Amino acid sequence: MNTQNNVPKAAKPAAFDEAAFKETFDGLLSEGKAEPALTHLLNALPQLSASKLNRKEKLKHLTFAGRMLQGAGLGKYGPEKLRGKAANLARMVKRHGLRSRRTFVDLGCGAHEPLAMATYFYANGFENAFGSDFMPISDESYAALSMYDVISSMFMFPERYMMEGTDQADYLARLRNFDAAALSKGDLAGGLRNVAEQVAFKCCDIVEAGIAPGSVSFLISYAVFEHVMDVPGVTKHIYELMEPGGLGFHYIDLADHRAYRHDGDYNEFSFLTEETCAPNLNRLRASEQIAAFKAVGFEILETQHKRIPVPETTRAAYLPRFAAMSEEDQDSRALRLVIRKPV
Ligand SMILES: C[S@@+](CC[C@H](N)C(=O)[O-])C[C@H]1O[C@@H](n2cnc3c(N)ncnc32)[C@H](O)[C@@H]1O
């Protein structure tokens, strides 16, 4: 039997109309409809790939339409992602002051853009700036391209990225130490070659990163401490790394991460009703996280709880140990913590 005859032929995609694609895409973006613009791009892919004409032109849509979407705030990356976080940190540093600009550490910097934050602090005068994560970089060439965008943006708009007290000539000279040409070709190691001693990714547990005790002026983490299994051990270690007066910032995501699937099956507090939970979440509540930093000697300078309503059916099913906790522990989905090692 000729099976080919029994297989219905896939409908041939309609010819790709560049002008119509762009008109709709640009129109959606100008109306601030980034998600529909993304859908429009994704729906156009079969036609884009089926048409053999002007393939290099089509590559432009794939390259630049994606960037336009990122510029519209969808799937924040590189400069977009760095700017908001860095501005918050700069304001916080201004409130509390830094003892020195010796070593900066981004604990649990992530696998995608591990050195964006380190680059920011190096450019702002830190002697050393490290990212530390035991996850290896997920894609070095993407990380390099993102770094190229970060460095270009920092160079073009110093006023957006310079912290108070940073010397502009020094800031620009430090940015020139990166090999932007190598980064633009996706070569991360090449791009970092001239700053490899000062700006480095340490692919290991923070406790094995070989950072000199007493040397860290500023240590931050974003969405890390809810994943740390040995919280007493890690807080003790970072206390030892800090210089006296060293400042710390920690954003701790206290939510059940299954809520991010947005399938309606779980909310931010569902895991407080279950005997076991995902092995990479410690389920420590806000007061327990704060207590862990205090226990090793940190002074707590600021705490900010992000509290949201708990669905009544979830609250009624809380395990006894969570039901016995304070309201704040029961309904905080995130915690922002500023700490200092006493002088
Ligand atoms: C949710 S990710 C956050 C990544 C990044 N900070 C961000 O905001 O996008 C948490 C990261 O912390 C890392 N991590 C957890 N414990 C760590 C430790 N003890 N030392 C180094 N990295 C750690 C994990 O490997 C993971 O990549």
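Above: the structure in question.
Report follows, based on the coordinates. Residue positions are counted from 1 within each chain, in the order its sequence is given. Totals for whole chains, interfaces and linings use all residues, but because this is a predicted model, local features are given only for residues with pLDDT of at least 70 and pairs of side-chain atoms are given and counted only at 80 or more. To obtain the side-chain values, all non-hydrogen atoms of the structure were included, while hydrogens and water were left out.

Turning next to the overall build of the protein. Put simply, DSSP H or I for four residues or longer makes a helix, DSSP E for two residues or longer makes a strand, and each gets a number counted from the N terminus. Helix and strand content of the protein: 16 helices and 7 strands. Principal-axis analysis of the C-alpha atoms places the extent of the protein at approximately 75 × 60 × 45 Å. Accessibility here uses a 1.4 Å probe with only protein chains present; expressed as a share of the type maximum, an area under 20% marks a residue as buried, one over 50% as exposed, and anything in between as partly exposed. By the burial criterion, 44% of the 343 residues in the protein qualify as buried. Of the contacts made within the protein by residues no fewer than 6 positions apart, 78% connect residues no fewer than 24 positions apart. Charge assignment: positive for Lys and Arg, negative for Asp and Glu; neither His nor the chain ends contribute. The atoms used to mark charge sites are NZ of Lys, CZ of Arg, CG of Asp and CD of Glu. For the protein, the distance from the average site of its 40 positive side-chain charges to the average site of its 43 negative ones is 4 Å. Residues are treated as being in contact if the distance between any of their heavy atoms lies within 4.5 Å.

So, about the environment of Gly186. Mapped onto the elements, Gly186 comes out in the loop between α10 (180–184) and α11 (188–192). Separated by 86 residues in sequence, Gly186 and Ser100 have C-alpha atoms that sit 33 Å apart. Ignoring anything within four residues of it in the chain, the contact list for Gly186 reads Glu140, Ser141, Ala144 and Leu145.

In this section: unusual backbone geometry. The backbone phi angle of Ala223 is positive, close to 55°, even though this residue is not glycine. Along the chain, the position of Ala223 falls in the loop between β4 (216–222) and α12 (231–241). One non-glycine residue with positive phi stands out, namely His262, at about 50°. Checked against the element boundaries, His262 lands in the loop between β5 (242–253) and α13 (286–295). For His262, a relative accessible area of 68% gives the class exposed.

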